[in-house]
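Coordinate inspection notes
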Amino acid sequence: ALTVSEPLTPENCSVQGAPTWSPDSSKLAVSLLERRTVKGPRRIMSAHYRAEGLGFTDDLIQRIAVVDRSVGFERYITTAANGLCLQPEWSPCGRRLLFQSTDNAVPISSYSPRLMTVGIDDGRVNALLDEHWFVAAARWLPCGERVAVCAVRDSTLTVPNTSLWVVDLHGNLDLRTPDITAKIGGMLHHDMPAWDLTRG
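Residues numbered from 1 in each chain as written. Predicted model: local features only at pLDDT ≥ 70, side-chain atom pairs only at ≥ 80, totals over all residues. Heavy atoms only, no water.

1. A few points about the sheet that holds strand S13 (residues 146-153)
Pairing in this open sheet of four strands is antiparallel, and the strands run S12-S13-S14-S15 from one edge to the other. The two strands at the open ends of the sheet, each matched to only one other strand, are strand S12 (133-140) and strand S15 (173-175). Strand-to-strand twist of the sheet, defined as the mean angle between neighbouring strand axes without regard to direction, takes the value 30 degrees. With six bridges connecting them, S13 and strand S14 (residues 163-168) associate as antiparallel partners. Counted as the bridge partner of valine 149 is tryptophan 165 from S14. (Pairing = 2+ DSSP bridges. Helix = DSSP H or I, 4+ residues; strand = E, 2+ residues; numbered from the N terminus. Axes fitted to C-alpha atoms, helices over the stretch in contact; angles between N-to-C directions.)

Structure follows, in structure tokens:
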């Protein structure tokens, strides 16, 4: 077993956002950012940097990892092919993780990652909402088979007015606020450093 001072995550990775406990409190799911080592000269083709000071974005890998609280790092449950993965949330049944995924490391206007799930045992990734959606927040419902989502589809607004939806594991959608004209939830402007903290 680990002592109090031993790290739970690999030394070459940094934790991005809040971790989430498994229902039995034995494991954590966490988004880990790793920078690949670039050898030799670097050819700079764009001026894109991460706003929080990480610098170049073309050598970043951000995956969801499962960490055992007794023995430490267990395994990655998503791959680099799934994009930059963030905001994991364990399902109430403990069989799946909800997370968001993006191919763009630099947030832009109306930027929103895809809403995904991944099976804990089989590692199968399932897309609930694609990049056409602006997702402000998403949470499992207690049944573990559906997700409440604060989102809007195909908006042309920089920071669109979101509605409350419920989506099941097959991508079937149910709009719960069809007549509302106001925005659901609170939001900071997208260039504020605390932008990602408000998305939960």
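That shown, we press on.
2. Observations concerning the sheet that holds strand S11 (residues 125-129)
Read from one edge to the other, the open sheet built from four strands follows the order S8-S9-S10-S11, with strand pairing classed as antiparallel. Of all the strands in the sheet, just strand S8 (84-90) and S11 have a single pairing partner and so form its edges. Adjacent strand axes in the sheet meet at a mean angle of 30 degrees when their direction is disregarded. Note: strand S10 (residues 114-119) against S11, four bridges, orientation antiparallel. In the strand pairing of S11, methionine 116 is matched with alanine 127.

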